[in-house]
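What the coordinates show
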Amino acid sequence: MNHKTLRKLVLLSADGTLSEQEQALAQKHIKECARCAADLQRLSKIQQTVKEFPAPKVRPFFAQRVMAEYRASAKERFWTVFEGIPRPLLFAALSVSIMLIFLTIPQSARETESLNLFTQFYSTEVPYSLESDEQALAFLIKNELPSTTGERQ
């Protein structure tokens, strides 16, 4: 067992929440590791100091009042709409929605041809000046690309 796991067992042993086997492992580690033994001693002192303080007095029905206020504030939150729906169903619906969005994004041939036109225009050694419609049409005819409206002649 690694030191990190044994250290957790040592600290949990102060609360008395370990099984007999785990408690034996913790006690063995305390004998072998001075650092963990010192930490356990400090933790025990802290627990003893806390026990010396009187327990706070809570007014009657405190928990019920806190929960009532929490429920009232929950009505104002957006996510309370989804409280009745099981989480796996929500995640599945969200996943399907995202897939449908990506599947419906149009990827037409016209977009691909426009990208080719853009790439061809900027990859030529002499940049073209397409300041008028006639110059753009001449470029399209020269490069045998369809017009940007998608119509074929």
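What you see is a predicted model; the values in this text were computed from it and never measured.

Cut-offs applied
Residues numbered from 1 in each chain as written. Predicted model: local features only at pLDDT ≥ 70, side-chain atom pairs only at ≥ 80, totals over all residues. Heavy atoms only, no water. Helix = DSSP H or I, 4+ residues; strand = E, 2+ residues; numbered from the N terminus. Buried < 20%, exposed > 50% of the residue type's maximum accessible area, 1.4 Å probe, protein only. Contact = heavy atoms within 4.5 Å. Areas by Shrake-Rupley, 256 points an atom, 1.4 Å probe, with all protein chains shown as cover. Axes fitted to C-alpha atoms, helices over the stretch in contact; angles between N-to-C directions. Parallel < 35°, antiparallel > 145°, perpendicular 65-115°, else oblique. Left-handed = near helix turned anticlockwise from the far one by under 90°. Nonpolar A, V, L, I, M, F, W, Y, C, P; charged D, E, K, R; others polar. Salt bridge = Lys/Arg side-chain N within 4 Å of Asp/Glu carboxyl O. Arc of directions from axis to C-beta. Expected span 1.5 Å × (residues − 1).

**A few points about the overall build of the protein chain**
- The helix and strand inventory of the protein chain stands at 7 helices and 0 strands.
- N-terminal to C-terminal, the α/β element order of the protein chain is α-α-α-α-α-α-α.
- Counting every position in the protein chain, which comprises 153 residues, the buried fraction comes to 12%.
- Sequence-distant contacts, at least 24 apart, represent 39% of the contacts inside the protein chain between residues at least 6 apart.
- As displayed, the protein chain has an accessible area near 13,600 Å², and 61% of this comes from carbon and sulfur atoms.

**Regarding the packing of helix H1 (residues 3-13) against helix H3 (residues 34-52)**
- Taken N-terminus to C-terminus, the directions of H1 and H3 make an angle of 25°; their axes are 9 Å apart at the nearest point. The orientation of H1 with respect to H3, classified from their angle, is roughly parallel. In this structure, H1 crosses over H3, and the sense of that crossing is right-handed. In this structure, H1 contributes His-3, Arg-7, Val-10, Leu-11 and Ser-13 to the contact, and H3 contributes Arg-35, Cys-36, Asp-39, Leu-40 and Leu-43.
- Each residue belonging to the contact of H1 with H3 can be placed in one class, and the counts come to 5 nonpolar, 2 polar and 3 charged.

**Describing the pattern of salt bridges**
- Under the counting rule described, the total for this entry stands at 2 salt bridges.
- For Arg-7, the salt bridge is made with Asp-39, and the minimal N-O distance between the two is 2.4 Å. Placement of the pair is Arg-7 in helix H1 and Asp-39 in helix H3, with a sequence separation of 32 residues.
- Residue classification places Arg-7 among the partly exposed residues on the basis of a relative accessible area of 24%.

**Quick look at H1**
- All buried positions along H1 are accounted for by Leu-6, Leu-9, Val-10 and Ser-13. Angular distribution of buried residues about the axis of H1 spans 100°; they occupy a single face of the element. What points out from H1, more than 90 degrees from its buried face, is the exposed set Lys-4 and Lys-8.
- Those residues of H1 hidden inside the fold are in contact with helix H2 (20-32) and H3.

**Some words on H3**
- The end-to-end C-alpha distance of H3 is 27 Å, a good match for the 27 Å that 19 residues give at a rise of 1.5 Å each.
- Looking at the packing, one finds that the buried side of H3 touches H1 and H2.

Nothing here speaks to function; it is geometry throughout.
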